[in-house]
Amino acid sequence: ESSEVIPFEIPYREEEWSDLQRRLAQYRATRGLSGPSTWEYGVNSTFLAEALDFWRTQYDWKECVSSLNSIPQYKTVILGL
């Protein structure tokens, strides 16, 4: 494999954003195995519901992508990875 350093930008596609919004809106919270507010058996379902709502209604994905793309981004292969 080539170890050439290649510049790239993170893409922002409106159709992908719309699809993400739809999927986040379709999330149905479930009660955790030991209650909705504990982490004993996995992700805290209350926290997850709040995080998904934040990502759907408040987080500015387009601004985040724009901010990351304002910094030069590169990719290459190092030690085969």
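Owing to the predicted nature of the structure, the values given are computational and were not obtained by experimental measurement. (Residues numbered from 1 in each chain as written. Predicted model: local features only at pLDDT ≥ 70, side-chain atom pairs only at ≥ 80, totals over all residues. Heavy atoms only, no water.)

Peer 1: Explanation requested: the pattern of salt bridges in the structure shown.
Peer 2: Note that side chains of opposite charge can pair when their charged atoms are close. The tally for this structure, following the rule as stated, stands at four salt bridges. A salt bridge links Arg 22 to Asp 19; the nearest nitrogen and oxygen atoms lie 2.5 Å apart. Of this pair, Arg 22 and Asp 19 both sit in helix H1 (residues 14–25), three residues apart, which is roughly one turn of the helix. Residue class for Arg 22 comes out partly exposed when judged on its relative accessible area of 42%. Linked by salt bridges that have partners in common, Asp 19, Arg 22 and Arg 23 make up one network. (Salt bridge = Lys/Arg side-chain N within 4 Å of Asp/Glu carboxyl O. Helix = DSSP H or I, 4+ residues; strand = E, 2+ residues; numbered from the N terminus. Buried < 20%, exposed > 50% of the residue type's maximum accessible area, 1.4 Å probe, protein only.)

Peer 1: Would you explain unusual backbone geometry in this entry?
Peer 2: Glycine aside, residues mostly have negative phi angles, and peptide bonds mostly take the trans form. Backbone geometry at Leu 79 places phi at a positive 55 degrees, although glycine is not the residue there. As for its placement among the helices and strands, Leu 79 is situated in the segment after strand E2 (73–75).

Peer 1: Sorry if this is basic, but what is going on with helix H2 (residues 45–57) here?
Peer 2: Each α-helix turn comprises 3.6 residues. Residues three or four places apart therefore point the same way. Under the 1.5 Å per step criterion, the end-to-end length of H2 is 18 Å for 13 residues, consistent within 8% with the ideal 18 Å. Within H2, burial applies to Ser 45, Ala 51 and Leu 52. When H2 is viewed along its axis, its buried side chains cluster within an angular range of 125 degrees and face the same direction. Contact partners of the buried residues in H2: H1. (Expected span 1.5 Å × (residues − 1). Arc of directions from axis to C-beta. Contact = heavy atoms within 4.5 Å.)

None of the figures reported here should be taken as evidence of function without further support.
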